[in-house]
Amino acid sequence: MGPIEERLDVDDEEIPFSSSQATEVGALHFESSHFIPHANMSNSWFLRKIQISPFRSIYVVLIKAKINVLLPFGPLAILLHYLTGKHGWVFFFSLLGIAPLAERLGYATEQLAFYTGPTVGGLLNATFGNATEMIISVYALKNGMIRVVQQSLLGSILSNMLLVLGCAFFTGGIVHYPKVQVFNKAAAVVNSGLLLMAVMGILFPAVLHFTHTEVHFGDSELSLSRFSSCVMLVAYASYLFFQLKSQPNLYSAIDDDARETTAEDCGEEEAPEITHWEAIGWLAILTLWVSILSGFLVDAIQGASDSSHIPVAFISVILLPIVGNAAEHASAIMFAMKDKLDITLGVAIGSSTQIAMFVIPFCVVVGWAMGQRMDLNFQLFETATLFIAVLVVAFMLQEGTSNYFKGLMLILCYLIVAASFFVHVDKATG
């Protein structure tokens, strides 16, 4: 009873219960500053009941995040598909509906990682981090739309490297001007090396095809692509082992920054908001819903291109990635404004590395299993664009510093890329 009596002497302005209870109340937006101790004990019991209930899980996953206001656009896209058949609107609403699902998939993966530890959490992130792109790609592969798969994945890499990183560097540089922001140079160099390796894997099949030096025309580049994809998957698995087990100290600054940022935002140590089985259930539900919407999205691409007179290449390389990575854009900019550039690089460059070294080779292997001739020959225009973009970003990261001018340069580079694909006629389509 001693601690309770001491609490009674505290001023009314102070919250008379523990930090964990305060966080539970704060999460539900209750006013708690004038509760007496006995009321607090009963209230904390009530909150614990809510926290483990399905309603609490639904609130946290489907209502709490502001981006969830876009969720109704998914069902609306399906209704429009069956009622009107207007592919332009179906495509647009499908894009808007998938954006919050992509962010919630990342959230559910993050929650599950609390219970699995860093190693399995890293593997989960590798699997579900770009689950939206993978699901859309598998649906497009089933329909034989190999060029849409190639261009959308290429667009995700370009969007993360140039637009996301550029906006983060620019806003961070403006907010912290005239300070020069710094980041973990060693981790950035490792990611740059992996991106260059991915460029090499994509470049050689294209060069082999366009120089007409194949042993068996059409088959040699496919065989080379499948072999290179397996090598790239091994390289990415080795990178995960290197990052999580062999040399974790190389990435300790990133983890420390992530924990500090969460502590600043939440006022205490980071803790899961949903249970282990709830996270697994939400991963299954969200993946299924993304799969359904992806089918309507892929079916509407060609019709949307015809109705809006926008090239399919521009839709695949520019529009799909911008909307699909909207949550990553926002989080990268937010961390840059808080001077947490190591996390920003993990979001932008880390995601680009994941797509280049894991998602693209994975799609080649899946196409192989489906009997689709998915290869790493992205055509000369796309391959040259990727090669130049990776070189530009590698030069920007080599000093380990950033400022608003570097960000502006990356944004302008992305505008040049977008304009190029708007006037680009993809002769390989079809």
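Residues numbered from 1 in each chain as written. Predicted model: local features only at pLDDT ≥ 70, side-chain atom pairs only at ≥ 80, totals over all residues. Heavy atoms only, no water.

1. A short note on the overall build of the protein
Reasoning step 1: Looking only at helices and strands, the protein has 17 helices and two strands in total.
Reasoning step 2: By the burial criterion, 48% of the 430 residues in the protein qualify as buried.
Reasoning step 3: Counting contacts in the protein only where the partners sit at least 6 residues apart, residues at least 24 apart contribute 80% of the total.
Reasoning step 4: Surface summary for the protein: the accessible area is close to 20400 Å², and the carbon and sulfur share equals 68%. (Helix = DSSP H or I, 4+ residues; strand = E, 2+ residues; numbered from the N terminus. Buried < 20%, exposed > 50% of the residue type's maximum accessible area, 1.4 Å probe, protein only. Contact = heavy atoms within 4.5 Å. Areas by Shrake-Rupley, 256 points an atom, 1.4 Å probe, with all protein chains shown as cover.)

2. Observations concerning helix α17 (residues 404–422)
Reasoning step 1: Taking 1.5 Å as the rise per residue, α17 with 19 residues should run 27 Å; its terminal C-alpha atoms sit 27 Å apart, in good agreement.
Reasoning step 2: One side-chain oxygen at the N-terminal end of α17 lies 3.1 Å from the backbone nitrogen of phenylalanine 405; it belongs to asparagine 403. (Expected span 1.5 Å × (residues − 1). Polar contact = N/O pair within 3.5 Å; in protein donor to acceptor, adjacent residues only side chain to side chain.)

3. Thoughts on a nonpolar patch on the surface
Reasoning step 1: Judged by side-chain polarity, Ile174, Tyr177, Tyr404, Phe405, Leu408, Met409, Leu412 and Leu415 come together as a nonpolar surface patch covering roughly 790 Å² of accessible area.
Reasoning step 2: Taking the relative accessible area as the measure of exposure, isoleucine 174 reaches 46% and is therefore partly exposed. (Patch = residues over 30% accessible without salt bridge, like charges linked within 9 Å, V, L, I, M, F, W, Y side chains within 5 Å. Salt bridge = Lys/Arg side-chain N within 4 Å of Asp/Glu carboxyl O.)

4. What to know about unusual backbone geometry
Peptide bonds are, in most cases, trans, and in most cases residues other than glycine have a negative phi.
Reasoning step 1: Across the junction of tyrosine 177 and proline 178, the peptide omega takes the value 5 degrees, indicating a cis bond.
Reasoning step 2: Tracing the chain through its elements places proline 178 in the loop between α8 (146–175) and β1 (181–182).
Reasoning step 3: A positive phi angle, close to 65 degrees, is found at aspartate 339, a residue other than glycine.
Reasoning step 4: With respect to the helices and strands, the residue aspartate 339 is situated in the loop between α14 (326–337) and α15 (341–370).

5. Regarding the packing of aromatic side chains
Reasoning step 1: Tallied over the entire structure, the rule returns 12 aromatic pairs.
Reasoning step 2: Ring geometry for tryptophan 89 and phenylalanine 93: centres 5.6 Å apart, planes at 35 degrees, overall tilted. Note that tryptophan 89 and phenylalanine 93 are positioned in helix α6 (residues 87–128) at a spacing of four residues, about one turn of the helix.
Reasoning step 3: According to the relative accessible area criterion, phenylalanine 93 is buried, its value standing at 12%. (Phe/Tyr/Trp six-rings, centres within 6.5 Å; stacked < 30°, edge-to-face > 60°.)

6. Looking at the environment of leucine 297
Reasoning step 1: For leucine 297, the location among the structural elements is in helix α12 (residues 276–308).
Reasoning step 2: Note: C-alpha distance between leucine 297 and leucine 320 (23 residues apart in sequence) is 9.8 Å.

7. Considering the pattern of salt bridges
Reasoning step 1: Across all of its chains, the model carries five salt bridges by this definition.
Reasoning step 2: Aspartate 219 serves as the salt-bridge partner of arginine 373, at 3.4 Å between the closest nitrogen and oxygen. Placement of the pair is arginine 373 in the loop between α15 and α16 (379–397) and aspartate 219 in the loop between α9 (185–210) and α10 (220–246), with a sequence separation of 154 residues.
Reasoning step 3: Among the salt bridges present, the one from glutamate 399 reaches lysine 406, with a minimum N-O distance of 3.3 Å.

8. Notes on the side chain of histidine 424
Reasoning step 1: Mapped onto the elements of the fold, histidine 424 is located in the segment after α17.
Reasoning step 2: Assessed through its relative accessible area of 15%, histidine 424 is described here as buried.
Reasoning step 3: Leave out the neighbours within four places in its chain, and histidine 424 touches Pro311, Ala313, Phe381 and Glu382.

9. Regarding the environment of glycine 88
Reasoning step 1: Residue placement: glycine 88 occurs in helix α6.
Reasoning step 2: Taking relative accessible area as the criterion, glycine 88 reaches 27% and is therefore assigned partly exposed.
Reasoning step 3: Discounting residues that sit within four places of it in the chain, glycine 88 has contacts with Ala304 and Ser307.

10. Digging into the nonpolar core
Reasoning step 1: In this structure, Phe91, Leu158, Met161, Leu165, Leu386 and Leu397 are the most contacted members of the largest nonpolar core, which totals 100 residues.
Reasoning step 2: Residue contacts for methionine 161: discarding those within four places in its chain leaves Leu195, Ile349, Ser352, Leu386, Ala389, Val390, Val393 and Leu410. (Core = buried A, V, L, I, M, F, W, Y, C linked by side-chain atoms within 4.5 Å.)

11. So, the environment of alanine 348
Reasoning step 1: Of note, alanine 348 is situated in helix α15.
Reasoning step 2: Apart from the residues within four sequence positions on either side, alanine 348 is in contact with Asn160, Val164 and Leu165.

12. Topic: the packing of helix α7 (residues 131–142) against α8
Reasoning step 1: Remark: α7 packs on α8, axes separated minimally by 8 Å, with the N-to-C direction vectors making an angle of 165 degrees. By the angle between their directions, the pair α7 and α8 is classed as roughly antiparallel. Seen from above, α7 lies across α8 with right-handed handedness. Between α7 and α8, the contacting residues are Glu133, Ser137, Ala140 and Leu141 on the first element and Ile146, Val148, Val149, Ser152, Leu153 and Ser156 on the second.
Reasoning step 2: Among the residues forming the contact of α7 with α8, the class breakdown is six nonpolar, three polar and one charged. (Axes fitted to C-alpha atoms, helices over the stretch in contact; angles between N-to-C directions. Parallel < 35°, antiparallel > 145°, perpendicular 65-115°, else oblique. Left-handed = near helix turned anticlockwise from the far one by under 90°. Nonpolar A, V, L, I, M, F, W, Y, C, P; charged D, E, K, R; others polar.)

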